Amino acid sequence: MTVRATLRSVLVAVAVLLGACQPSPEERLARAEQFVAAGDFAAAVIEARGALQEQPANLQARIVFANASRLSGDYRTAYAEYQRARELGLEDPLVLAQFAEVAVIAGRPQVVVDQLSQVLEAEPKRADALSTLAHAYALTGDPERAEALYRQALMLSNQTAQAYVGLASIAQQRGDTQGVAEWVAAAEQSVPGNSLVLLFRSNAADSDDEKHALLQQAYANLDGASTPALRAQILLARVENHLRRQEYDPAQEALAEYRQSNPGSPQSVFFGALIALQKGDLEKAKAGFLRLSEGLEDGSAVDLFLGSINLRQANLRQAEAYLNNALRLDGNSVQARKLLAETLLQLGRSKAALDILAELNVDQTQDPQILALLGRASIATGDAAGSVDFFKRSSAYAPDNPSLKLATAYSYLAAGDADAALALLEQMPNGDDDNFRPQTLRMLAHLTAQDEPAAIAEAQRLAQSNPANPAALSLAGQLMASIGRTDAAVEFFNTALAKDAAYLPARQGLGNTLVQQQKYEQAFAVFEKVLDQEPGYFPAVSAFGKVAVRLGREQAALQRVRAAIDASPNDPAPRIVLAQYHLQNGAADQARDVVNEALTIAPDDTGLLRLRALTGVRLGLIEASLRDITKAAELAPENRDIQFDKARLLLSSGDLKGANRTLREYLTLRPDDTAMRLFAADVDLRSGNVAAALGTVERILEAQPENRAATIIRGDIEAQRGELRKALGYYDQAASISNDRLLTLRRFGALTRLEDPRAQQVLDAWLTENPGDVEIEVVLAQALQGAGSDDGAAERYEAIVQNDSAGVAQRAIALNNLAWLYYSRGDARALDLAEQAAALAPDSAPITDTLGWILLENGERQRALTLLQKAHELAPDDPSIGYHLAECLSRNKQRSEALALVTDVLQGDRDFPERSEAQALLASLR
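Residues numbered from 1 in each chain as written. Predicted model: local features only at pLDDT ≥ 70, side-chain atom pairs only at ≥ 80, totals over all residues. Heavy atoms only, no water.

Draft legend 1. The packing of helix α27 (residues 452-465) against helix α28 (residues 470-482), seen in detail. Running from N to C, α27 and α28 point in directions that differ by 160°, and their axes come no closer than 8 Å. Between α27 and α28, the angle falls in the class roughly antiparallel. Crossing of α27 against α28: the hand is left-handed. Each of Ala455, Ile456, Ala459, Gln460, Leu462 and Ala463 in α27 lies in contact with α28, whose residues at this interface are Ala472, Leu473, Leu475, Ala476, Leu479 and Met480. Taken together, the residues of the contact of α27 with α28 sort by class into eleven nonpolar, one polar and no charged. (Axes fitted to C-alpha atoms, helices over the stretch in contact; angles between N-to-C directions. Helix = DSSP H or I, 4+ residues; strand = E, 2+ residues; numbered from the N terminus. Parallel < 35°, antiparallel > 145°, perpendicular 65-115°, else oblique. Left-handed = near helix turned anticlockwise from the far one by under 90°. Contact = heavy atoms within 4.5 Å. Nonpolar A, V, L, I, M, F, W, Y, C, P; charged D, E, K, R; others polar.)

Draft legend 2. Expanded view of helix α51 (residues 861-874). With 14 residues, α51 extends 20 Å from end C-alpha to end C-alpha; this agrees with the ideal 20 Å at 1.5 Å per step. Those residues of α51 lying buried are Ala864, Leu865, Leu867, Leu868, Ala871 and His872. Its buried side turned inward, α51 meets α50 (845-857), α52 (879-891) and α53 (895-905). (Expected span 1.5 Å × (residues − 1). Buried < 20%, exposed > 50% of the residue type's maximum accessible area, 1.4 Å probe, protein only.)

Draft legend 3. Just the side chain of Ser395, in detail. Mapped onto the fold, Ser395 is located in helix α23 (residues 384-397). Since its relative accessible area comes to 10%, Ser395 is described here as buried. Ignoring any residue separated from it by four or fewer positions in sequence, one finds Ser395 in contact with Leu404, Lys405 and Thr408.

Draft legend 4. Structural context of the nonpolar core. Counting residues in each nonpolar core, the largest one holds 80 residues, and the members touching the most others are Leu479, Met480, Leu510, Leu663 and Phe679. At eight residues, the largest contribution of residues to this core is made by α28. The contact partners of Leu510, leaving out residues within four places of it in the chain, are Val490, Phe493, Asn494, Leu497 and Val526. Counting 69 residues, the second-largest nonpolar core is a separate cluster that includes Ile712, Val779, Leu831 and Leu922. (Core = buried A, V, L, I, M, F, W, Y, C linked by side-chain atoms within 4.5 Å.)

Draft legend 5. Structural detail: the pattern of salt bridges. Summed over all chains, the structure comprises 48 salt bridges. Ionic pairing is found between Glu887 and Arg891, a salt bridge with its closest N-O pair at 3.1 Å. With Glu887 and Arg891 both in helix α52 and four residues apart, the pair spans about one turn of that helix. On the basis of relative accessibility, which here comes to 13%, the residue Glu887 falls in the buried class. Several salt bridges converge on common partners, so that one network encompasses Arg317, Glu320, Arg349, Asp604 and Lys631. (Salt bridge = Lys/Arg side-chain N within 4 Å of Asp/Glu carboxyl O.)

Draft legend 6. Expanded view of the packing of aromatic side chains. Applying the stated criterion across every chain, the model contains five aromatic pairs. Seen from their ring centres, Tyr164 and Trp183 are 6.5 Å apart, and the 50° between their planes marks the pair as tilted. Here the residue Tyr164 occupies a position in helix α10 (residues 161-173), and Trp183 occupies one in helix α11 (residues 177-190), the gap between them amounting to 19 residues. Each ring, one from Trp853 and one from Tyr883, has its centre 5.9 Å from the other, and the planes form 45°; the classification is tilted. Here Trp853, found in helix α50, pairs with Tyr883, found in helix α52; they are 30 residues apart in sequence, far enough to count as distant. In terms of burial, Trp853 and Tyr883 fall into one category: buried. One residue, Arg238, lies across the ring of Tyr219, its end atom 4.2 Å from the ring centre. (Phe/Tyr/Trp six-rings, centres within 6.5 Å; stacked < 30°, edge-to-face > 60°. Lys NZ or Arg CZ within 6 Å of the ring centre and 35° of its normal.)

Draft legend 7. Representation of the packing of α51 against α52 in the model. At a closest axis distance of 9 Å, the pairing of α51 and α52 adopts a crossing angle of 150°. As summarised for this structure, α51 and α52 are arranged roughly antiparallel, according to the angle between their axes. Handedness of the crossing formed by α51 with α52: left-handed. Each of Arg861, Ala864, Leu865, Leu868, Gln869, Ala871 and His872 in α51 lies in contact with α52, whose residues at this interface are Ile881, Gly882, His884, Leu885, Cys888, Leu889 and Arg891. Taken together, the residues of the contact of α51 with α52 sort by class into eight nonpolar, four polar and two charged.

Draft legend 8. Representation of α52. When the terminal C-alpha atoms of α52 are compared, their 18 Å separation across 13 residues agrees well with the 18 Å that a helix rising 1.5 Å per residue should span. Within α52, twelve of the 13 residues are buried, which leaves the element mostly enclosed by the surrounding structure. Those residues of α52 that fall on the buried side of the exposure criterion are Pro879, Ser880, Ile881, Gly882, Tyr883, His884, Leu885, Ala886, Glu887, Cys888, Leu889 and Ser890. Those residues of α52 that are buried lie in contact with α50, α51, α53 and α54 (915-925). Its side-chain oxygen 3.0 Å from the backbone nitrogen of Ser880, Asp878 forms the N-cap of α52. Looking at the residues trailing α52, positive phi occurs at Lys893, about 70°. (Polar contact = N/O pair within 3.5 Å; in protein donor to acceptor, adjacent residues only side chain to side chain.)

Draft legend 9. Region of the structure containing empty space enclosed by the protein. For the structure shown, the criterion picks out one cavity of 30 Å³ or more. Of the volumes computed, that of the largest cavity is approximately 30 Å³. Taken together, Tyr164, Val165, Ala168, Trp183, Val184, Ala187, Val197 and Phe200 make up the full set of residues lining the largest cavity. Elements represented by at least two residues in the lining of the largest cavity include exactly α10, α11 and α12 (195-204). (1 Å grid on protein atoms, 1.4 Å probe; cavity = no way out; pocket = protein on both sides within 12 Å on 5 of 7 lines; lining within 4 Å. Points joined across faces, edges and corners; volume = space filled by probe spheres on them.)

Draft legend 10. Structural view of the side chain of His884. Within the secondary structure, His884 is located in helix α52. Those residues in contact with His884, other than ones at most four positions away along the chain, are Asp849, Trp853, Leu868 and Glu914.

Draft legend 11. A look at the environment of Pro913. With respect to the secondary-structure elements, Pro913 resides in the loop between α53 and α54. It is 7.3 Å that separates the C-alpha atoms of Pro913 and Ser880, two residues lying 33 residues apart in sequence.

Draft legend 12. A look at the confidence of the model for the protein chain. Averaged over every residue, the pLDDT of the protein chain is 83; the share at 70 or more is 91%. When mean pLDDT is compared element by element in the protein chain, helix α29 (residues 486-499) scores highest at 92, while helix α1 (residues 3-21) scores lowest at 37. Overall, residues 1-21 carries pLDDT values under 50, and its contacts beyond four positions in sequence, including any with other chains, amount to one contact. (pLDDT = per-residue confidence, 0-100.)

Draft legend 13. Examining unusual backbone geometry more closely. Its identity is not glycine, yet Asn361 carries a phi of approximately 55°, on the positive side. Assignment of secondary structure puts Asn361 in the loop between α21 (350-357) and α22 (368-380). Its relative accessible area of 46% is what places Asn361 among the partly exposed residues. If you check the backbone angles, Gln518 has positive phi at about 65° while not being a glycine. Along the chain, Gln518 falls in the loop between α30 (504-516) and α31 (520-533). You can call Gln518 exposed: its relative accessible area is 58%.

Take a look at the structure:
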């Protein structure tokens, strides 16, 4: 016999012996009944279930299983088992009464009616059955029949506590306070100290202390005759009362006792999660509520808590999803609306927050929290005047809440009413050591009223009243820095640091003020100390990076940013700084890698999405950039910068309709945003909708005659109409307010089209005031070249090429144009300059064309052909490039291709400098 065969024989023998030792179903049932009698309900369930596995139609085993489950608090299993027993022929009135008790707890009152009707037919004088049946009728909305049955039960036995409580409950529902008192008094006389009566009294009690005392007594009076359901009710009521009293450990103890007989019940999970939430263990609370939500059809309350938790964790998108679902399940939930409004405000969607709150009858509400939310949303949507009313009402309904008064004062300031803000703030006491908001707002109000001495006096009073408090001294320093009193600010910050050298806001304020004074070396040292103390302190990381770059110490900046990332691995902010650094230094690919890493931490961060869109633009990933900026715009529809970038990106990609739609949607939320209205007018003008653009601009100029941007677009409208003199008048008017490079170019363009000799003077005047402006130098050189002043143009191009501050694009244009001038003169340096220009701008059609033509003229026909074909592919509609390629094809003996191309170039009446040469080529090829 093999080893494997021997082992198998042993296993078979053991199985036979074990089978021989297994108890019979009858023995298991007997054990189950013994365990029930001994109060070991869990063991009884095991034995009864074992008996049923072999004899599923055993009625008695089914009844014992159901009863043991009921007594252990597993009402769901008990209900199912009583149902199965009923199907097997259950008719015992006592067991049917137990079934009815479970059905009440399971919320199946009709089942109670069906079962107890049969019980009462057999035993019509059972007071307990009459009371349970009455309770079922009360649950089904038949209080009259319920009251009659309760009274009938009391006539049979005046010791029936459930009847007293039932009659008191019906009186309570009717608003009959005297009836409630009478039935409770009768119960206390007939069944003094009854736990069910005490539970009812605790539910009706006004104060948490009274509830607590009654629940303690109800718990102490529980005895062997008390049902598991009553014990469970009292324990859960104690848990809830302890939570209201913020007594978390006693709540935990009461819940642990409840769990002994009700393990895994939904109530157990719910209160466990609620205790964790109250104790600040958000992850444990979230896990509990998530577990609970899996088995609930109506999970509105659970979704509400999950939304609240995610809001506290700043998981705003998840919070929004849960709270929206809570509202879908319970549209009347005021708390869900308030939490959702708060979430939307933090997401920057204030208009959506207003829409959510509008469902709460805002004209009639007296809820100060709702009114405060409305005030915040109104300010965010630009309706500062409307916010004042909301905050005033909120403060009136909660007069003892100083935060609401401060918010009201702030709303006055937002609305531009500094006097009203000051009047309110003067009535408020100063803040304490941890909160100087009244003093801070008074400073701001004085500044808004342009009363700088009063603001300074307030700052000095704050510092004098709190000479040892670094927070107060820092606030005074910030005020001084904001009004340009930097020496005084430095003194305040240094005094604060003398009191507490580790107070970061003071050190940060000192560093910022030193930057304001252009003392970059000192600021560098201050920010280094901040970051030595707190490597992840983002304000210092950002400020230090800017100062370090200014001082040429990029590696120090990078080292600190990476240290901040290590110190705060879950904070995307330091990664944003690193990405911005790479982007500013032309390393868009590295910037994109950093942003992608940050987005794994915060996938819905709109700032990160916007930054990735910008890196994508630099890398030519236009479609990906549009996806990113579109997602950011959906998440933050009221964020001006994001909507502006989306419209600008759509505009640059040629989607004028998309840009227009983006701006219109934003303006429905922020109709008073003048700058975006002007952007929309500019898009209208580019789309050919001159009337719409003109209407927008004229309305703005009517309200703001000195609006420079509107004046410029008004000039653009006239330029597009061909009214160049009128356009120039508007441009000159805008320049009298403030001039810049783009406006200079507009004026130059209009004068050039008018063939006005003052065109060059406009550029000269700008360069006199702004020497070294390479972009204008290039335009001036091109103007000289176009006017036939080749020597003057060449001189300027040569200066641009030697200028270290010239950008890549400007240097490439200067090299290209200078190469062409040299070529025209027969200067051998032309080819080298053209090669340099093409190396800087390999995808520029004009620059590639210049190099190709010069190579052709130098006899390098094959390379010239490759380059000219590339230039033609880049700009297929440029007739000059088309002619150059046709000439090259002809010289390369490709006459048919040359003929076809030059014929196409000369179709129509297009005018270009080489038209006569192209006509001569065509004649030679025919």
